[in-house]
Amino acid sequence: MFKKRTVRDIAVKNKVVLLRTDYNVPIQRGRITDDYRVTASLPTIEYLLEHGAKQVVIISHLGRPTGKERDFSLEPVAKRLEKLLRMPVYFQTSGKTIPSEPKIVMLENLRFDKGEEAGSASFAKKLIAQTKAELFVQDAFGLVHRAHASMVAITKLLPSVAGLLLEKEVDSVTKTMARPKRPLIAIIGGVKVEDKQPLIDLFAKTADTVALGGRLGINFNNTAGNVIVPLDYVYGKDGEPYDIGAISTATIVDLVKQAKTVIWNGVVGKVEEREFAEASKVIAEEIGLSDVTSLILGGDTSSFVLDLKTHDPELEYTLVSTGGGSALELILGKKLPGLDALPNKAK
């Protein structure tokens, strides 16, 4: 059970609500190429509007700007949100007090101010003064492993609760890890063993089988009996292995067919090149068409799976996470400052 207070536990009627979302989406030439994080935030926004919030002021970040850079403006996101909600979204670029008339307002990229990543209390106070917010809703699951101003400092200044997306993601991961239906299969892809070693070590103890993909198996020193490595690869013209081969793919597919729970982090090939995306595609399709509890974690893996879903709507997954880093740190039992800062439900 999710232990933190949520929007369901507090009155929002006639209140100005400051909503932290994760709209760090890919944008090319001013156009969003993947709006999953935007669509994932809609249930919380709609809940606030349906329950009479006076105004919803949305704050987010985009990328890693070094100052006020046009390429990192959230304006394209505001336009996309406007289309998804089918109602106006007032985009505020300046630090001036926002007008009270618009029902939905979006502020410019938080990271245009250095105070955001510094966790500045004064920056948090400035946001409150600008927006006249009376309540803070934290819904940026992908950032709760950071102690930024909009993650922690602001919770000390306003009544604060979790949004529906944050609740869903934390609940899905913690419940699955605490009481997984077995067999539990973990699929871990990637390039560097040292990056994935903590995750491999954890699942070597908790999963029934751990299947490695990508280049992990090449340099992995297998000391756990339930960890399997690729037996064959697909090589590029330069002689480098860029995808796992048919035998290794079939082995993972067979494991998925037997599984009751699948946790997948890291594509198993160089999927940005179509010829090396076959194994990941076959595995994703098997998971999506199987009756298993499935957690898809990590930015590359989530994006890959979501792209497949656009071409095959029949693919279904229990959770396609919006926050790879946060999800992995949650699984590993690490502290999540943005989550810890929220008050617990009353006992």
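Structure: above.
Residues numbered from 1 in each chain as written. Predicted model: local features only at pLDDT ≥ 70, side-chain atom pairs only at ≥ 80, totals over all residues. Heavy atoms only, no water.

## A look at the packing of helix α2 (residues 42-50) against helix α3 (residues 75-85)
- The interhelical angle for the contact between α2 and α3, taken along N-to-C directions, is 65°, at an axis separation of 12 Å. Every pair of crossing elements has a handedness; the one defined by α2 and α3 is right-handed. The segment α2 lies against α3, with Leu42, Ile45 and Glu46 engaging Leu81, Leu84 and Leu85.
- The class makeup of the residues in the contact of α2 with α3 is 5 nonpolar, no polar and 1 charged. (Axes fitted to C-alpha atoms, helices over the stretch in contact; angles between N-to-C directions. Helix = DSSP H or I, 4+ residues; strand = E, 2+ residues; numbered from the N terminus. Left-handed = near helix turned anticlockwise from the far one by under 90°. Contact = heavy atoms within 4.5 Å. Nonpolar A, V, L, I, M, F, W, Y, C, P; charged D, E, K, R; others polar.)

## Some details on the pairing of strand β14 (residues 261-265)
- Along β14, 5 of the 5 residues are buried, which leaves the element largely enclosed by surrounding structure.
- By the alternation rule, side chains of β14 split into Thr261, Ile263 and Asn265 and Val262 and Trp264, which are all buried.
- Direction of pairing for strand β9 (residues 184-188) relative to β14: parallel, over a ladder of 5 bridges. Within β14, the residue paired with alanine 186 across the bridge is isoleucine 263. (Buried < 20%, exposed > 50% of the residue type's maximum accessible area, 1.4 Å probe, protein only. Pairing = 2+ DSSP bridges.)

## A look at the side chain of aspartate 22
- Tracing the sequence through the fold places aspartate 22 in the loop between β1 (16-20) and β2 (27-28).
- For aspartate 22, the side chain forms a polar contact with the main-chain nitrogen of asparagine 24, separated by 3.2 Å.
- Leaving out residues up to four positions away in the same chain, aspartate 22 has contacts with Arg37, Ser60, His61, Ala140, Gly142, Leu143 and Thr322. (Polar contact = N/O pair within 3.5 Å; in protein donor to acceptor, adjacent residues only side chain to side chain.)

## Details of unusual backbone geometry
- Along the chain, arginine 182 connects to proline 183 via a cis peptide bond; the corresponding omega equals 10°.
- In this fold, proline 183 is placed in the loop between α6 (164-178) and β9.
- Here lysine 132, not a glycine, exhibits a phi torsion of approximately 60°, which is positive.
- Relative to the assigned elements, lysine 132 resides in the loop between α5 (121-131) and β7 (135-138).

## Section: the sheet that holds strand β15 (residues 293-297)
- Strand order in the open sheet formed by 6 strands is β11-β10-β9-β14-β15-β16, with parallel pairing between adjacent strands. Only two strands of the sheet have a single neighbouring strand rather than two, namely β11 (227-228) and β16 (319-320).
- Docked against the sheet, helix α7 (residues 193-206) engages β9, β10 (209-212), β11 and β14, running at close to 165° with respect to β9.
- On the sheet, helix α11 (residues 299-311) packs against β14, β15 and β16 and is oriented at approximately 120° with respect to β15.

## Some points on the pattern of salt bridges
- Across all of its chains, the model carries 14 salt bridges by this definition.
- A salt bridge links arginine 80 to aspartate 35; its shortest N-O distance comes to 3.0 Å. Of this pair, arginine 80 sits in helix α3 while aspartate 35 sits in the loop between β3 (31-32) and α1 (36-40), and the two are 45 residues apart along the sequence.
- Note on arginine 80: relative accessible area 23%, which makes it partly exposed.
- Overall, aspartate 35 belongs to the partly exposed group, its relative accessible area being 21%.
- Among the salt bridges present, the one from glutamate 117 reaches arginine 111, with a minimum N-O distance of 4.0 Å.
- The class of glutamate 117 is partly exposed, set by a relative accessible area of 36%. (Salt bridge = Lys/Arg side-chain N within 4 Å of Asp/Glu carboxyl O.)

## What about the packing of helix α9 (residues 246-258) against helix α10 (residues 278-289)?
- Between α9 and α10, the shortest axis-to-axis distance is 10 Å and the interhelical angle comes to 10°. It follows from the interaxial angle that α9 and α10 lie roughly parallel. Note on element contacts: α10 touches α9 through Ala279, Val282, Ile283, Glu286 and Ile287, opposite Thr249, Ile252, Val253, Val256 and Lys257.
- In terms of residue class, the contact of α9 with α10 is built from 7 nonpolar, 1 polar and 2 charged. (Parallel < 35°, antiparallel > 145°, perpendicular 65-115°, else oblique.)

All quantities given are derived from atomic positions and should not be read as evidence of function.
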